[in-house]
Each structure stands twice: as structure tokens, then as C-alpha cells.
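The residues making up each chain are set out below.
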Amino acid sequence: MTSSRIAYTAFVAFVSVVLTLIVVYLIQGSPEQVTMADKASSDSTVYTIDQVAEHNDASSCWKIIEGGVYDLTTYLPDHPTDEETFTRWCGREATPAWQDKGNGRSHSPRAAARLENYRIGVID
Ligand code: HEM
């Protein structure tokens, strides 16, 4: 094999890797853009305290946390406490419970990231 053939093969391999990276970037990029658009539109919906108060049990559980409104109905089975601990904050301002899990400590950054998946708007 001549050195120019080796260089050509290396060049083709390099271009293939770059093209693969571009395709992967494009595939992964699109759902993220949808998520950002969803977040922007859900962030702008304004709810009143009365509207939130209608969703005050396990069948439909909305909470106000740090100014945001969250529909946590589908998250309920995943929360690591008994159901009552979580549901008694449905339909109302739940920031104190969010910021103090009962041991003086707030929820973790991981929990905060999860919370954002359930954001439906902001409180009036
Ligand atoms: C607002 C009412 C809430 C109360 C009273 C509450 C209470 C608690 C308590 C007592 C723990 C500790 C459980 C243990 O150590 O066994 C805990 C942990 C946890 N909670 Fe909540 N929670 C609430 C809301 C939420 C929400 C809205 C989310 C996320 C959507 C969440 C996600 C988590 C996670 C992931 C943990 C594991 C520990 C951590 O990451 O901080 N919680 N919660």
C-alpha cells in the first residue's frame, strides 16, 4: 500500500467520523428544541390560586413551588415517601415543603431538575 493510499484511507475515515458526529448531533438536537419550545409556552400560562386549588388530591395534584405551577399527578407514584406526605400539599402553595423535606434541608438539584418536567405555568 502506497503512502498516498494510506493518506486517502485516513482522510475517508476522518470524513466518515465527522459526518457521523454531525448526524448524531442533529438527531439529538431536535427533541431538545421541542422541549425548549414547550417550556417557553408552558412558562407563560398564568394560573390563579383558585384554579390551582381545584387540583387538590391524588386524582389531580397541582402545586405552587417558588412561583411556578406544577401538575404533579403523574409524578406522585414515583415520590419516595408515603402518598399522604406528598398529597397534603396538592392544590396550594407548597414552597415550604419543597424547601424543607422535614430535616431542614431542601430537595436536591436532581429533584429540582425532575420538577421542571411537570411545570405548566406560573402563579398570578
Ligand atoms: C411539596 C411537597 C413535597 C414534600 C412534602 C416532599 C417531601 C419529601 C421528603 C420527606 C423526602 C425525603 C424522603 C426520604 O429521605 O426517604 C423527599 C425526597 C425527595 N423528593 Fe420530595 N417532597 C415534595 C415534593 C417533591 C416534588 C414536587 C418532587 C419532584 C418532582 C420531589 C422529589 C423528591 C426526590 C427526587 C427526593 C429524593 C431526595 C432528593 O433528591 O432530594 N419531591 N421529599
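As shown above, the structure is provided for reference.
Not measured: the values here are computed from a predicted model.

S.K.: Sorry if this is basic, but what is going on with the state of the cysteines here?
M.R.: Chemically, a disulfide is nothing more than a covalent bond linking the sulfur atoms of two cysteines. Within the structure shown, the criterion is met by 1 disulfide. Disulfide partner of cysteine 61: cysteine 90, at an S-S distance of 2.1 Å. Sign of the S-S torsion, about -90° for the bond between cysteine 61 and cysteine 90, identifies this disulfide as left-handed. Remark: cysteine 90 occurs in the loop between α3 (83–87) and β5 (92–93) and cysteine 61 occurs in strand β3 (residues 60–65); sequence separation between them is 29 residues. Both residues of the pair, cysteine 61 and cysteine 90, belong to the buried class.

S.K.: I tried to follow the pairing of strand β6 (residues 119–123) on my own but got confused; where do I start?
M.R.: Moving residue by residue along a regular strand, the side chains alternate between the two faces of the sheet. The sheet contact formed by strand β1 (residues 46–47) and β6 spans 2 bridges and is parallel. In the strand pairing of β6, valine 46 is matched with valine 122.

What counts and what doesn't
Residues numbered from 1 in each chain as written. Predicted model: local features only at pLDDT ≥ 70, side-chain atom pairs only at ≥ 80, totals over all residues. Heavy atoms only, no water. Disulfide = S-S within 2.5 Å. Helix = DSSP H or I, 4+ residues; strand = E, 2+ residues; numbered from the N terminus. Buried < 20%, exposed > 50% of the residue type's maximum accessible area, 1.4 Å probe, protein only. Pairing = 2+ DSSP bridges.

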